[in-house]
Amino acid sequence: KRMTLGRFLRQQTARSCQAAPVFIFLLLFVTPVWGAGVSKVSFPTVDDHRDALYCRPEGAGPFPAVIFNHGSIVDGLGWPGATKRGYQLDAICQTLAEDGFLAFAPIREKVPRGRGWQSYDERYQVVVARAIDYVKTLQDVDSSRIGLMGFSMGGLTSLKVAVEGKDLRAVLLLAPAWGRGLLGDEVQKVPSLNAPVLLLVEAGDEPQILKGVAMLEKALQANKKEVRVIRYNRGGGHELFYKVDYYWPDVRDFLREKLGGAPK
């Protein structure tokens with residue numbers, strides 16, 4: 001039978017509606033971003049969903065995973081704004097994947113103008129804890145090989161989560177923020193930390209950052225925790241960790257030692 005134009009359009013509309021949920025899921029939950037191998041995903045938290053960068057190694061899993069927590073530059077400027085200022089979160093994510101680790105970098109939130117990050121501190125901790133729980137459910141992840149890594153405010157937040165007893169195989173803290181004294185509060189909880197720690201800082205960083213690193217190192221050693229501290233003196237200050245730079249081989253070696261490599 002000959003199909004009328006109206007009938008044809010009705011059929012096409014019905015087919016589009018059936019396909020729409022799949023398309024919307026792909027658009028919202030797995031969206032490619034800048035570089036090859038870097039995607040944006042959405043994961044559930046307590047009362048909403050958060051975006052994250054997701055970078056998967058090539059080949060077959062399951063892979064060891066690293067949850068990476070960004071610095072406060074993203075809280076202040078948002079993810080696109082931080083990128084324009086040279087904070088290369090996508091490159092960090094992609095390099096972790098190239099090294100054999102499934103990388104997951106939750107984007108916490110942009111702090112409204114005029115409100116400090118301190119009012120969001122507990123929410124940051126919840127976002128990171130939920131990110132760990134979510135990553136452990138992924139089919140491509142070996143849930144027994146999870147590392148937690150963070151820079152600046154993300155380093156402080158990573159420490160807050162790690163001392164709560166999360167089942168982690170490695171913790172990497174890159175110039176963790178002093179947080180107006182909040183780091184000192186977390187130092188008191190070091191006895192409950194079970195994972196080995198790599199602590200990195202550059203000698204030209206802010207005095208409070210250096211003070212916090214020294215305090216944390218002393219507490220970890222006093223409690224006989226496995227800790228490795230590297231103080232670089234090759235330049236870069238706090239912004240050394242904005243991107244993949246000369247410090248990265250130490251990150252890679254530590255992760256491979258504690259988490260192992262990708263399946264052969």
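Computed from a predicted structure; not experimentally measured. (Residues numbered from 1 in each chain as written. Predicted model: local features only at pLDDT ≥ 70, side-chain atom pairs only at ≥ 80, totals over all residues. Heavy atoms only, no water.)

Peer 1: So what exactly am I meant to see when it comes to the nonpolar core here?
Peer 2: Inside soluble globular proteins, nonpolar side chains tend to come together where they are buried. Of all hydrophobic cores here, the largest spans 82 residues; its most connected members are F68, Y87, M149, L200 and Y247. Contact partners of L200, with chain neighbours within four places excluded, come to L173, L174, A175, I230, Y232, F241, Y247 and V251. (Core = buried A, V, L, I, M, F, W, Y, C linked by side-chain atoms within 4.5 Å. Buried < 20%, exposed > 50% of the residue type's maximum accessible area, 1.4 Å probe, protein only. Contact = heavy atoms within 4.5 Å.)

Peer 1: When you look at the packing of aromatic side chains in this model, what are you seeing that I'm missing?
Peer 2: The description of an aromatic ring pair rests on the distance of the ring centres and on the angle between the ring planes. Counting across every chain of the model gives eight aromatic pairs. With a centroid separation of 5.4 Å and an interplanar angle of 90°, the aromatic rings of Y87 and Y242 are classed as edge-to-face. Residue Y87 is located in the loop between helix 2 (72-84) and helix 3 (89-98), and its partner Y242 is located in the loop between strand 9 (227-232) and helix 8 (248-259); the two are separated by 155 residues in the primary sequence. Accessibility classification places Y87 together with Y242 in one group, the buried group. (Phe/Tyr/Trp six-rings, centres within 6.5 Å; stacked < 30°, edge-to-face > 60°. Helix = DSSP H or I, 4+ residues; strand = E, 2+ residues; numbered from the N terminus.)

Peer 1: What exactly am I supposed to notice about the pattern of salt bridges here?
Peer 2: Close approach of charged atoms lets side chains of opposite charge pair. Applying the stated criterion to the full structure yields ten salt bridges. The residue D142 makes a salt bridge to R145 at a minimum N-O spacing of 2.9 Å. A residue is classified by how much of its surface remains accessible, and R145, at 13% relative accessible area, is buried. We note a salt bridge from R231 to E217, for which the minimum N-O separation is 2.6 Å. Highlighted residues: R231 in strand 9 and E217 in helix 7 (residues 207-222), separated in sequence by 14 residues. Residue classification places R231 among the partly exposed positions, given a relative accessible area of 46%. Residue E217 is classed as buried on the basis of its relative accessible area of 16%. Among the charged side chains, a salt-bridge network with shared partners connects E226, R228, E257 and K258. (Salt bridge = Lys/Arg side-chain N within 4 Å of Asp/Glu carboxyl O.)

Keep in mind these values describe shape, not function.
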